[in-house]
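Structural overview for review
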Amino acid sequence: MRDDALLPALVSAALTDYRALRDAHGPCWGEPSLSYVVQAWATVFLDRRYDFWNTGLRQLAERYPDVPAAELEDHLGEVDPDRVVRDALGGDVVDNLPVLRLTPGGCAVEAVTRIVLEGEPCRTALLLDSSRDEPVTVIVDGTRYTVEARGAKVVEVAESVVVDGQPVDLAPLSRRVAAARVRLRAGFPCRWSVTSANGQGWYPDGAPPKLDAHRRPFFHGDDLVVAVPAEPVTVTVTRGMEYDTAEVTTTPQAGAETLVELAPERLYDAAARGWYGGDLHVHLNWMGEEPAAPELAAAAQRGEDLHVLNLVAGNVASERVYDVEALEQWVGKDLPWSDDRHVARIGVEYRNDVLGHCTAFGLRGLPSRYHSGFGTADWPPNAAACEELKALGGIVSYGHPFHTAFGDDAPPDVVLDRGRSCAAREIVADAALGLIDSLDVLNHSSVLATAAVYRRLIGAGNRLAVTAGTDAVLSFCRRGTASAPPGWERVYANVAGPLTAESYAEAILLGRTFATTGPWLELTVNGHGPGDTLELPPGQELEIAVSTIGPEVEQLEIRTAAGVLAQGPPGRLVATMTADEPTYVVAVATGGPHPRSQHRRGAYAHTSPVYLDVAGGHVAREADVRWCLAWLDRLESILREFGRFDTPAQLDDHLALYERARQVYRNRLP
């Protein structure tokens, strides 16, 4: 494949701009300091062991003692991020952030010593952490920095640090080692990890130094050469969730090349069953340490054997829309590396932080809008964007829907929370009006909360497919699930015939899907699978069967609109039921934290429903319908409190939308 096919002039120019933004402003690329922008910078250093959120709130409580605790989140963009990182670490030292402790009696470096190959430069971030009661000046590579009393500052260092007129011993930062090489060969593209005994990762030339949510280094490809220390290194290889992991440890000789031939074994072959897995929410560029070119997405999709990849253009906190140039170049077309088993498209994430973020897959043309509420009013409603995206051929969903943990019985007051939180608040209205096609039940945020809302929505008569979107960002190198490989969660769709963007989209529209962090999950009701509707007489007996593949599964569930029908251990679960009223049947597989799952909560899979229509009636459970009506009431109050409008008519447009949705739900009541 020629480079100009993957990097046309429009896309190349955009990447040049992104690198300039990164070089000038660091990982946040000059974006305004919204809470999640500051968090993005901080979590380059803080993995899931360290709490940015509550540490920041404690700092704000000191600054704003009269602000109620519930409102402090509104100020999270105002924290001192260097201090938050220092305080969240609580004295720990992480591998990418050595610390210079500035004490009343002097100073000293604490570090996880990095291995540096002979002849290679050594540059690292450095946390200046002062416990002194007065400001202190620190000279780093000739640049003067002032650290406030008991303050903190993160800087970059390559050569020298001077404090109180004396040079600081930087020997703890690094250890020089003779270089060797390993050649990695599996016979097909894979995901590789090469680590030293200290856990440090090694990468081929040009590969970004990426870590997944478990802090495991990784890169993609086959027949790759990696410079490594002439010491024992461990090589691990896998290929997405359909494969197991293989591992070997070797000690390469200095100056020589060692061949490592290693390939992972399959756990299951979804495509052989007519199912294809996709990730419908992936960004090439959205801030980060290393701007990402399409070539990186191509390598990741092949290396993960991810059948369908939806790269999305979207803004962060300003008017700038990242990768809109790639959208303009390729909208309506398969991306150049697509083949008969791998389809890649570029779509859109439409974003409003009060109403929620929507994604679109399979667009045939360019939309007229990409966001609202960023320097503009929270208008029009998301419904206007959903209508346009659907008219352009898009499969429309809400991504990372809910961040607040809650259970099946939580009222909307708990679910909707407060503030500009990116939660999918408008979804109940858009679902009733047929403006969305699916919900990313599998996402990087609260899966259990999203599943609870999803079952309320389908129980209230909305026919939505289960989908998955990781929100992986290829331009981030170490930011939890954001820097994990695309496809760490997938929506599998049962495609009729060859795999194309159109056949995959059609399968989602028909609801022939399940979403998973890794396990294979299969559901049949009298032989019918997800997306099917059974038209039944009252009293019809049904047999329900669920099966799963994957070592991480601990429990299976069969659920209907009334709740859990049956539970059992992994493998196979069979139950019977009598169809007395309209309902649905879904299957759920769960398990605790596991190396195969990147999600904090562990393993999870959820099917779309098999719908059971009884005596001509469709499911519309009264409790779920009334829950949706209560949701719309609460949403109206949130919008009045947190929405930003230029005119009363703009707010009226939202209220009119909610009233249309209310009428749909009222018509479903007995």
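Below you will find a few notes about this structure. (Residues numbered from 1 in each chain as written. Predicted model: local features only at pLDDT ≥ 70, side-chain atom pairs only at ≥ 80, totals over all residues. Heavy atoms only, no water.)

Moving on to the packing of helix H3 (residues 35-42) against helix H5 (residues 81-89). Where H3 contacts H5, the axes come no closer than 10 Å and their chain directions differ by 55°. Considered as vectors, H3 and H5 are oriented oblique to each other. Note on packing geometry: the crossing formed by H3 with H5 is right-handed. Residues Val 38, Trp 41 and Ala 42 of H3 form the contact with H5, whose participating residues are Pro 81, Asp 82 and Val 85. Partitioned by chemical class, the residues of the contact of H3 with H5 number five nonpolar, no polar and one charged. (Axes fitted to C-alpha atoms, helices over the stretch in contact; angles between N-to-C directions. Helix = DSSP H or I, 4+ residues; strand = E, 2+ residues; numbered from the N terminus. Parallel < 35°, antiparallel > 145°, perpendicular 65-115°, else oblique. Left-handed = near helix turned anticlockwise from the far one by under 90°. Contact = heavy atoms within 4.5 Å. Nonpolar A, V, L, I, M, F, W, Y, C, P; charged D, E, K, R; others polar.)

Among the secondary structure elements, Arg 351 is positioned in strand S22 (residues 343-352). One polar contact links the side chain of Arg 351 to the main-chain carbonyl oxygen of Val 316, over a distance of 2.7 Å. (Polar contact = N/O pair within 3.5 Å; in protein donor to acceptor, adjacent residues only side chain to side chain.)

Sheet topology note: the strand S5 (residues 136-140)/strand S6 (residues 143-147) ladder contains five bridges and is antiparallel. Within the sheet, the bridge partner assigned to Val 136 lies in S6 and is Val 147. Taken together, S5 and the strand that follows it, S6, pair antiparallel across an intervening segment of two residues, in which Asp 141 is found at a positive phi of about 50°. (Pairing = 2+ DSSP bridges.)

This paragraph deals with the packing of aromatic side chains. Going through the model one piece at a time under the given rule, you end up with 18 aromatic pairs. A ring pair is formed by Tyr 18 and Tyr 322, whose centres lie 5.3 Å apart and whose planes are at 65°; its orientation type is edge-to-face. With Tyr 18 in helix H2 (residues 9-25) and Tyr 322 in strand S21 (residues 321-322), this residue pair connects regions lying 304 residues apart in the sequence. Taken as a pair, Tyr 18 and Tyr 322 share a single burial class, namely buried. (Phe/Tyr/Trp six-rings, centres within 6.5 Å; stacked < 30°, edge-to-face > 60°. Buried < 20%, exposed > 50% of the residue type's maximum accessible area, 1.4 Å probe, protein only.)

Now for the sheet that holds strand S14 (residues 217-221). Read across the sheet, five strands follow the order S13-S14-S12-S16-S17 without closing on themselves; strand pairing throughout is antiparallel. On the outer flanks of this sheet lie strand S13 (210-211) and strand S17 (246-250), each paired with one strand and no other. Of the strand pairs in this sheet, strand S12 (residues 190-196) and S14 are connected by three bridges, and their pairing is antiparallel. In the sheet register, Arg 191 faces S14, and the bridge partner there is His 220.

As a further point, take the sheet that holds strand S32 (residues 540-549). Strand order in this open sheet of three strands is S30-S32-S35, and the pairing throughout is antiparallel. In this open sheet, the two strands that pair with only one neighbour each are strand S30 (520-525) and strand S35 (572-579). When strand polarity is set aside, the average angle formed by the axes of neighbouring strands in this sheet is 15°. Across six bridges, S30 lies against S32 in antiparallel orientation. By the bridge assignment, Leu 521 is partnered in S32 with Thr 548.

One pass over the full model with this rule turns up three cavities of 30 Å³ or more. When its volume is computed, the largest cavity comes out at roughly 40 Å³. Along its surface, the largest cavity is lined by Val 11, Ala 14, Leu 15, Tyr 18, Leu 284, Asn 285, Ala 292, Asp 323, Glu 325 and Ala 326. Of all elements in the fold, only H2 and helix H7 (324-330) reach the threshold of two or more residues within the lining of the largest cavity. The greatest single-element share of the lining of the largest cavity, amounting to four residues, is contributed by H2. Split into classes, the residues belonging to the lining of the largest cavity amount to seven nonpolar, one polar and two charged. (1 Å grid on protein atoms, 1.4 Å probe; cavity = no way out; pocket = protein on both sides within 12 Å on 5 of 7 lines; lining within 4 Å. Points joined across faces, edges and corners; volume = space filled by probe spheres on them.)

For Thr 583, the location among the structural elements is in strand S36 (residues 583-591). Those residues in contact with Thr 583 that lie beyond four places of it in its chain are Thr 560, Ala 561, Met 577, Tyr 611, Leu 612 and Val 619.

Within H3, seven of the eight residues are buried, which leaves the element mostly enclosed by the surrounding structure. In the core, the buried residues of H3 are packed alongside helix H4 (52-63), H5, strand S7 (152-157) and S22.

Taken as a whole and judged by the stated rule, the model has zero disulfides. Looking at Cys 477, it has no disulfide partner, and the nearest cysteine sulfur is the one in Cys 28, 14 Å off. (Disulfide = S-S within 2.5 Å.)

Omega for the bond connecting Trp 379 with Pro 380 falls within 30 degrees of zero, at 0°, which places this linkage in the cis form. Position of Pro 380 among the secondary structure elements: in the loop between strand S23 (356-361) and helix H8 (382-391). If you check the backbone angles, Asp 223 has positive phi at about 55° while not being a glycine. For Asp 223, the location among the structural elements is in the loop between S14 and strand S15 (224-229). Its identity is not glycine, yet Asp 323 carries a phi of approximately 65°, on the positive side.

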